[in-house]
Structures are given as C-alpha cells and as structure tokens.
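Fold and contact review
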Amino acid sequence: MLPTGGGESVYYQVPALIFVGLTLVVTPLGPLMEDQVGRSREVGLRANNLNSEQPNSARREIGEQVRDGEVDILFVSPERLDLAALRFLLEGVDVCLLAVDEAHCINEWARDSPRPAYRRIKTLSRALACPTLALRASATPEVREDILASLSLTDPLVVVRSFDRPNLSWSIVPGGARHNRLSEAYRCVRSVGGCAIVYAPTRCSIEVVRDASALRGVSVEAYHAGLSGVERTRVQGAFMEGECRVV
C-alpha cells in the first residue's frame, strides 16, 4: 500500500525488466491501462494490453506476440481473465509475475463499486503458480485482510505506507444554485496552474460543465462512458499531452 504517485508501478516494472517470462498485470480501467502501457514503454519494456475495444485482428496479433515471447508485460482487465481465449493463451506462456492493481476492488464492501471478477483471480493465480503482487494506494486493515484472503496469498510480505500526500489539500465551498456552482468550478479551475479534472454526477451535467467552461475560454473536453472508445481515447490523449487543460 503506497500513496498515489508513490511508485507502485515500479514494483511490477522492475520484475518485468529482470525476470524471464511474462509479467501479467490486472488493472480495472481502460484509461489507466493505456497510461500504464505508455509508462512501461518509456522505461524500455515491451508492453501491451488486451481490451474489449480492440478489433479481433489486433487482439490476435497481440496474442501471437505474447506467445512468441515478444511482450514483457501485458495489461488486462479482471473480466478478460474469465475468457477462455486468454486462459488458453496463458497456458502456453511462462508467467513470472501476476500483479493485481487497484486490489481494493476485490473487497465486496469497497466504497467504489466492487468488481466480482477480481475475486476470481485466485483461481488463475493457483494455475499460474507464480508470485502474486497486490497494489493499492489506500485500504483499511479489514480490506487488506480481505485482499490477502481472496488472493490466497501464503505468508505474504505486506508493505504499508501512509496515504498522506502533503501536496494535496481539501476544501468545501457552498455551491447554491447550478449557475453559482458552475461559476465556482470555473473560479477553481482558473485559480490553479496546470491541468484540472472536474467531476460531475451525470453525463448530462458533465456536458453542461464542459459547455459552460468552453464559453469562458477554457480548453476543456468531456469524458464519460457515453462516448465511443475512439473518442475517449482521443480525449485522454489530448489531456495527457497537454492539448486540453481541463477534463
């Protein structure tokens, strides 16, 4: 358990650089997966991912690369582990490490919506018979115990660091009517340097905030599940590359 930005990725990137075989990383979110692939490539790893938005031909090509030993680290969603095609692929591959990112999703009482597929990872872990690593920025002692039990980890080394991040601060500002909240969001975005993320509860409200911010001259994009995979990839890329300042 390390604070966000504390270097969790190093814990699977270094083994992927050193060990012979494939490092398999289970990660829950598409945008996070794309970012992890990019960061792994930056340090010299042959990294790739399998996801549902790829055409079948792309997934077949990546599978062949994995089978031929041309991939050092592969990122997949927990739900993809349930698919027979991936399990068949992994049967013929030497997996040297199974890393479970955002491992709090294993816990059925997690505040974020639980991912049932996470609780089935232990079946794959037993079949692979390789070291298993679980990573999370924060988790209560009860959640940590559930993670250990759900992954059937035997005599694990548990590293727990503080999740405190001195560079972050929290404040609450009364919002009032919608136009007041939009004005306050705009003020906050204008008052900070660099990129910003504005959360809103629905797709419609996300687009309202986007439109209102754009009218005020903010370089802004909307990002939500109603967008196509191509559009989400475009928005994420624009945000990561600094082409838009606010999402």
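The following paragraphs examine the structure supplied in this document. The structure presented is a predicted model; accordingly, all values stated were derived computationally and were not measured.

Conventions we followed
- Residues numbered from 1 in each chain as written.
- Predicted model: local features only at pLDDT ≥ 70, side-chain atom pairs only at ≥ 80, totals over all residues.
- Heavy atoms only, no water.
- Helix = DSSP H or I, 4+ residues; strand = E, 2+ residues; numbered from the N terminus.
- Buried < 20%, exposed > 50% of the residue type's maximum accessible area, 1.4 Å probe, protein only.
- Areas by Shrake-Rupley, 256 points an atom, 1.4 Å probe, with all protein chains shown as cover.
- Arc of directions from axis to C-beta.
- Patch = residues over 30% accessible without salt bridge, like charges linked within 9 Å, V, L, I, M, F, W, Y side chains within 5 Å.
- Salt bridge = Lys/Arg side-chain N within 4 Å of Asp/Glu carboxyl O.
- Lys, Arg positive; Asp, Glu negative; His and termini not counted.
- Charge placed at Lys NZ, Arg CZ, Asp CG, Glu CD.
- Core = buried A, V, L, I, M, F, W, Y, C linked by side-chain atoms within 4.5 Å.

1. With respect to the overall build of the chain
On a plain count of helices and strands, the chain comes out with 9 helices and 5 strands. In sequence order, the chain lays out its α and β elements as α-β-α-β-α-β-α-β-α-β-α-α-α-α. In terms of principal-axis extent, the alpha carbons of the chain reach across some 55 × 45 × 30 Å. Out of the 247 residues in the chain, the part that is buried amounts to 40%. A total accessible area of about 14500 Å² is found for the chain, and carbon and sulfur atoms account for 55% of it.

2. What to know about helix H6 (residues 141-150)
Within the sequence span of H6, burial applies to Val143, Asp146, Ile147 and Ser150. When H6 is viewed along its axis, its buried side chains cluster within an angular range of 100° and face the same direction. Away from the buried face of H6 by more than 90 degrees, exposed residues Glu145 and Ala149 are located. Among the residues trailing H6, Ser152 stands out with phi positive, at a value near 55°.

3. Here's the deal with unusual backbone geometry
The bulk of non-glycine residues show a negative phi, and the bulk of peptide bonds are trans. Positive phi is not limited to glycine here, since Glu102 has a value of about 50°. Structurally, Glu102 is set in the loop between strand E4 (95-100) and helix H5 (121-128). On the basis of relative accessible area, Glu102 is assigned to the partly exposed category, the value being 21%. Positive phi, close to 55°, is recorded for Ser152, a residue that is not glycine. Structurally, Ser152 can be placed in the loop between H6 and helix H7 (178-191).

4. A word on a negative patch on the surface
Where like charges cluster on the molecular surface, the negative patch consists of Glu61, Glu64, Asp68 and Glu70. Relative to the helices and strands, Glu61 resides in helix H3 (residues 56-67).

5. Here's the deal with the pattern of salt bridges
Evaluated as defined, the whole model comprises 8 salt bridges. A salt bridge links Arg39 to Asp35, with the shortest nitrogen-to-oxygen separation between them at 2.9 Å. With Arg39 and Asp35 both in helix H2 (residues 30-42) and 4 residues apart, the pair spans about one turn of that helix. The residue Arg187 makes a salt bridge to Glu184 at a minimum N-O spacing of 2.5 Å.

6. Observations concerning the nonpolar core
One finds Leu24 and Leu74 to be the most contacted residues of the largest nonpolar core, which totals 30 residues. Broken down by secondary-structure element, the contributors of at least two residues to this core are strand E1 (22-26), H3, strand E3 (73-76), helix H4 (84-91), E4, H5 and H6. Tyr12, Leu45, Ile73 and Phe75 belong to the second-largest nonpolar core, a separate cluster that totals 14 residues.

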